[in-house]
Amino acid sequence: MWLQPDEILLKNAFKLWVTEEDNEYFVLQRRRGYGEGGGGLTGLLVGTLDTVLDSTSKVAPYRILHHTPDSQVYWTIACGVTKEEIVQHWDWLQQNIMRTLSVFDSSEDITSFVQGKIRGLIAEEGKSSLVLEEDPEKFREALLRFEKWFELPPKEKLVTYYSCSYWRGKVPCQGWLYLSTNFLCFYSYLLGAEVKLIISWDEIWRLEKTSNVILTESIHVLAHGEDHYFSMLMHLNETFVIMEQLADYSIKRLFDKEAFQREPALSDPMQITKRYCLEAHAKSEQFRTFFRLPKEENLLEVHESFLWVPFSHFNTLGKICLSENYLCFASQDGSQCHVIIPMREVINVEKSDSSSRALTVCVRGKKALRFAEVRDYQRLANTIRSKCGISASPQHSASSEVTCLNPCFLCAALYSLLTASREQSWNIHFSEYGRGTSMFFTRKTRDLIVRGVPEALRGELWMLFSGAVNDMATHPGYYTDLVEQSLGTSTLATDEIERDLHRSLPEHPAFQSDTGISALRRVLTAYAYRNPKIGYCQAMNILTSVLLLYAKEEEAFWLLVAVCERMLPDYFNRRIIGALVDQAVFEDLIRENLPQLVEHMTDLSFFSSVSLSWFLTLFISVLPIESAVNVVDCFFYDGIKAILQLGLAVLDYNMEALISCHDDAEAVTILNKFFDSVTNKDSPLPPTVQQASMSNNDKASHFNVDISELIKEAYEKYGNIRSEEVESSRKRNKLHVIQTLEDTTKQNVIRVVTQEVRFSASHLDRLYNLFKRQHFLCCYWTMKSPALLHHDPSLAYLEQYQLGFQQFSMLFSLLEPWAFCNPKSTLSLWIFRLIDENQDGLVNFKEFCCALDTLYSGSFTNKLKFLFKLHLPPGDLRTKLTGRGKVDLQAYLKQWQNEILKKEETIKDLPRINQTQFIQFSKTLYNIFHGDPEEESLYQAVAHVTSLLLRMEEVGRRLHESSSPPESTKPANTAAAESSTQEASTTPENSDTSSSFNSQDAGPDLTELDWSFSFEQVLASLLNEPTIVRFFERPVDIQTKLGQARVAQLKLKANK
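Fair warning: this is a prediction, and the values are worked out from it, not measured in the lab.

Caption draft 1: Spotlight on the sheet that holds strand E6 (residues 158-168). Taken in spatial order, the seven strands make up an open sheet running E9-E8-E7-E6-E12-E11-E10, and their pairing is antiparallel. The two strands at the open ends of the sheet, each matched to only one other strand, are strand E9 (193-200) and strand E10 (204-210). Strand-to-strand twist across the sheet, computed as the mean angle between neighbouring axes with direction ignored, equals 30 degrees. Where E10 and strand E11 (residues 218-223) come together, six bridges link them in antiparallel fashion. In the strand pairing of E11, Arg206 is matched with Leu222. Sheet strands touched by helix H6 (residues 236-254): E6, strand E7 (171-180), strand E8 (183-190), E10 and E11. Its angle to E10, the strand with the most contacts, is close to 160 degrees.

Laid out in structure tokens, this is it:
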């Protein structure tokens, strides 16, 4: 690697470097302790210095220096991890630089020319990726250490690095923490004690900041049941955030692909950088979440400024946040004021005099916002103007474009207006703070939400608070087109929708007629068509029903989009991961805020099972509908934070009763009675079926609770919960939830496979980890991996992780007991085809383990039968190894039925093996025996068996021949067979796999050969050779093999 020329004094380095080659202008040196003659005390000291000191010149084992004859100053210009690398640089200097240097007259000109040439080479190299790093030169040095110490594949992208201490027990090891796209790595070398740690992000169960008596502040990583602590970080918070982002990115990309959106910043794992990808992505995500903006928006600029707030008559300090289509402002002075201005609403931007550095943004509705003290106000004004000129378009009226039937008129007939005082409060609020997309959001807005939203305003405010109003305005006609396209489609989702239509608020009049049911069907079907990854999930029907009560049909669709894709991420997928994550967050909040309840109920999993419907349906399924809509009001304003607060308030309200209950069933009864007693005194709706079903005795024994008071209490007691803390807790718990689901999958797979093999549960556990890791190895460095594309959590447990031929051959070569099968051999392909029972080009864990079990624990007969079957022609050579297509459930059922009815295969069922196949079989035996201590006697035994079989076949052929062939033919045939056998025995290690594979492909022509053997003949002959029998019955240490495979798995990928 070329380095920026750095001046050194050579006399200070005599004890650390040894000169390998030199000439008039350059010196190639080797670091003491490396290469030939390394080790000893010098090697220990040098290795320690290389780890502790942050300088490549002290780390790389080889370097090249530039000097001139009349100067004592030397310049480092290149370094290398291996001698081959540094020799390439040395040869380049000899060929391209040495001749040119002779034309210069002075030493200064020579040094200046060399330095300029080296800087040019570095600049050329940096154009690809290093140009995006904060300090390209230091990053190049860190990258060199990273590659040298961990030997990961060259494609692995280093993101950043930090100096820190890693704790082994109570002893800290000072070293370097490297964070790459797929791995967390640590390296330390102190006086001969080397510590090397490589953890892939997808193996991490927990990632959190901790502190205790010994470690004031550290980062805790839990992986494979082991705890790892990193401390003494100068930028601990920054380090933790980046680790959190990389872990979350890996989880989404590899496990939770339903939530992984195509984001340009993270689309290529080989191009991720700390500043331009991770930090920018995190800021954009936080920006979108806070202002409820579409996922397409990215934070482009941030400007500190003052905003004139007309209702308060003063300037509030905050930040202007600019994206492609929105201008947003959020205060920083505790006033909780923010405003969202769509660029489509801006009609003009005016600049004031330069002394105030102010600009005024004029929006539709005769409203203007004045921003003062903006440092770069002129450029900001020009940017806003240009964006408005591109994206400006007339505001679309949602009501004029609604083409579908709407059940809102049913609501109008049933609902009366709220009291004049409540509506008057909102009218006053609109007059002061504005109304519509450019309304100011303040603390007073939240207070009004807590008190309850008037029925007539509910749909409008839900659209505004959720950001759905912007989605609908920027996609005119989109819903109508979706309805037309999805009309008449028949999928699994539409079948489930039809089944649940009449279960959606059946007690409500709006859904007791075809009008409301049809609208519900169109909205759900259109969304399933828009987002097939989610399709339809139970609870979506209940939520959509409530949305349709207060919003037009198209508005209800966009509200559903906002809930499923932004506000409740990952809730409505096959594994409801988002709901499980928020339940874990809820448990953390219970521990923190309700310690008395935790002391009584140590197992909080009860609350997880009870609260699942709370989160999935926003309390709609447990509260009366007239009370539940108030909860939905708060949810659209404050997000999941409102649901968590209300959940805590419900448990707090029933604290005494829950503590006194004896079992879970009693606790469930208490909570159900409480929910039935919740009323809404301001609602004009008649009592629901739920409330009517309560007996008079129940009502007398359980007083009513007003929903507004309950929500108010939730905000007063638990309103200090910050959205940022909830998001951080979500990320932390998501790792644990995903890994728990993955562990459940593993346990189910192992339980099935245990019945088929003789491996112990611990061995199967380690085998599964290796198998799964091999699956991911082809996913780490590309987004288009077949294994990544075909991984589907909805499949049967055994089918979730499968290996194609390339991945299988590499893993099998590490685990097979006799080292006879290298990844690129044709034999690997034969093994793959043999164990791929359903011929789909993929091998699952059960098929893989059954093959290994035969080779490790099978009897002599079964091992030999496995090897014998390898050399038979494959059942269908036309099978292409292209991977799985669409899942066919009928095919699965048929396959399971065939497995049940399948009878045990006997040795008599095996076909005979012909001449070419038998020769290849002999070569395979030679390869298996190669390197064994009894290699020579094993070779002789195989030769003896081969000769015996050929003679037996020749005698049998003569006895059964009805007419004798010409005399000259017989010896020729026999001689040909014996020469073939001799060829195989004399060159056992040279197995020409390509030619043997071609001979197998020519299966039909081989049937014309003169002789063949049955498996019984081969088995009987080999049983007479004790050396061969002992070899195959010799036990193999699977524990050692698994350990070696774990270490070699990444190296094999790196050397590929």
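Caption draft 2: Layout of the sheet that holds strand E20 (residues 440-441). Strand order across the open sheet formed by eight strands is E17-E18-E19-E13-E14-E15-E16-E20, with antiparallel pairing between neighbours. Single-partner strands in this sheet number two, and they are strand E17 (346-351) and E20.

Caption draft 3: Main features of the nonpolar core. Counting 147 residues, the largest nonpolar core has Phe371, Met540, Phe572, Trp614, Phe636 and Leu651 as its most contacted members. For this core, the element with the most residues is helix H18 (residues 553-567), which contributes ten residues. The contact partners of Trp614, leaving out residues within four places of it in the chain, are Phe586, Phe619, Val622, Ile643, Gly647, Val650, Leu651, Leu671 and Phe675. Grouped together as the second largest cluster of nonpolar side chains are 128 residues, Leu798, Phe808, Tyr926 and Ile1028 included.

Caption draft 4: Region of interest: a negative patch on the surface. The grouping of Asp70, Asp105, Glu108 and Asp109 at the surface amounts to a negative patch. Considering the arrangement of structural elements, one finds Asp105 in the loop between helix H3 (98-101) and helix H4 (107-126). The class for Asp105 is exposed, based on a relative accessible area of 81%.

Caption draft 5: Broad picture of the packing of aromatic side chains. What the rule picks out here adds up to 57 aromatic pairs. Summarising the aromatic geometry, the rings of Phe586 and Phe615 are spaced 5.7 Å apart at their centres and angled 70 degrees between planes, so their arrangement reads as edge-to-face. Note that Phe586 is positioned in helix H19 (residues 577-593) and Phe615 in helix H21 (residues 605-617), a separation of 29 residues in sequence. Residue class for Phe586 comes out buried when judged on its relative accessible area of 1%. For Phe615, a relative accessible area of 1% gives the class buried. Pairing Trp614 with Phe675 gives two aromatic rings, centres 5.5 Å apart and planes at 80 degrees, and the pair type is edge-to-face. Here Trp614 is found in helix H21, whereas its partner Phe675 is found in helix H25 (residues 664-677), with 61 residues between them in sequence. There is no split in this pair, since Trp614 and Phe675 are both buried. The rings of Tyr768, Phe771, Phe805, Phe808, Phe812, Phe832, Phe845 and Phe848 are connected pair by pair, giving a single aromatic cluster. Arg63 extends its terminal NZ or CZ atom over the ring of Trp17, reaching a point 4.0 Å from the ring centre.

Caption draft 6: A look at the side chain of Thr239. Tracing the chain through its elements places Thr239 in helix H6. Using a relative accessible area of 0% as the deciding quantity, one classes Thr239 as buried. Only 2.7 Å separates the side chain of Thr239 from the backbone oxygen of His235, close enough to count as a polar contact. Non-local contacts of Thr239, meaning those with residues more than four positions away in its chain, are made with Tyr162, Leu177, Leu179, Ile219 and Leu233.

Basis of the calculations
- Residues numbered from 1 in each chain as written.
- Predicted model: local features only at pLDDT ≥ 70, side-chain atom pairs only at ≥ 80, totals over all residues.
- Heavy atoms only, no water.
- Pairing = 2+ DSSP bridges.
- Helix = DSSP H or I, 4+ residues; strand = E, 2+ residues; numbered from the N terminus.
- Axes fitted to C-alpha atoms, helices over the stretch in contact; angles between N-to-C directions.
- Contact = heavy atoms within 4.5 Å.
- Core = buried A, V, L, I, M, F, W, Y, C linked by side-chain atoms within 4.5 Å.
- Buried < 20%, exposed > 50% of the residue type's maximum accessible area, 1.4 Å probe, protein only.
- Patch = residues over 30% accessible without salt bridge, like charges linked within 9 Å, V, L, I, M, F, W, Y side chains within 5 Å.
- Areas by Shrake-Rupley, 256 points an atom, 1.4 Å probe, with all protein chains shown as cover.
- Salt bridge = Lys/Arg side-chain N within 4 Å of Asp/Glu carboxyl O.
- Lys, Arg positive; Asp, Glu negative; His and termini not counted.
- Charge placed at Lys NZ, Arg CZ, Asp CG, Glu CD.
- Phe/Tyr/Trp six-rings, centres within 6.5 Å; stacked < 30°, edge-to-face > 60°.
- Lys NZ or Arg CZ within 6 Å of the ring centre and 35° of its normal.
- Polar contact = N/O pair within 3.5 Å; in protein donor to acceptor, adjacent residues only side chain to side chain.

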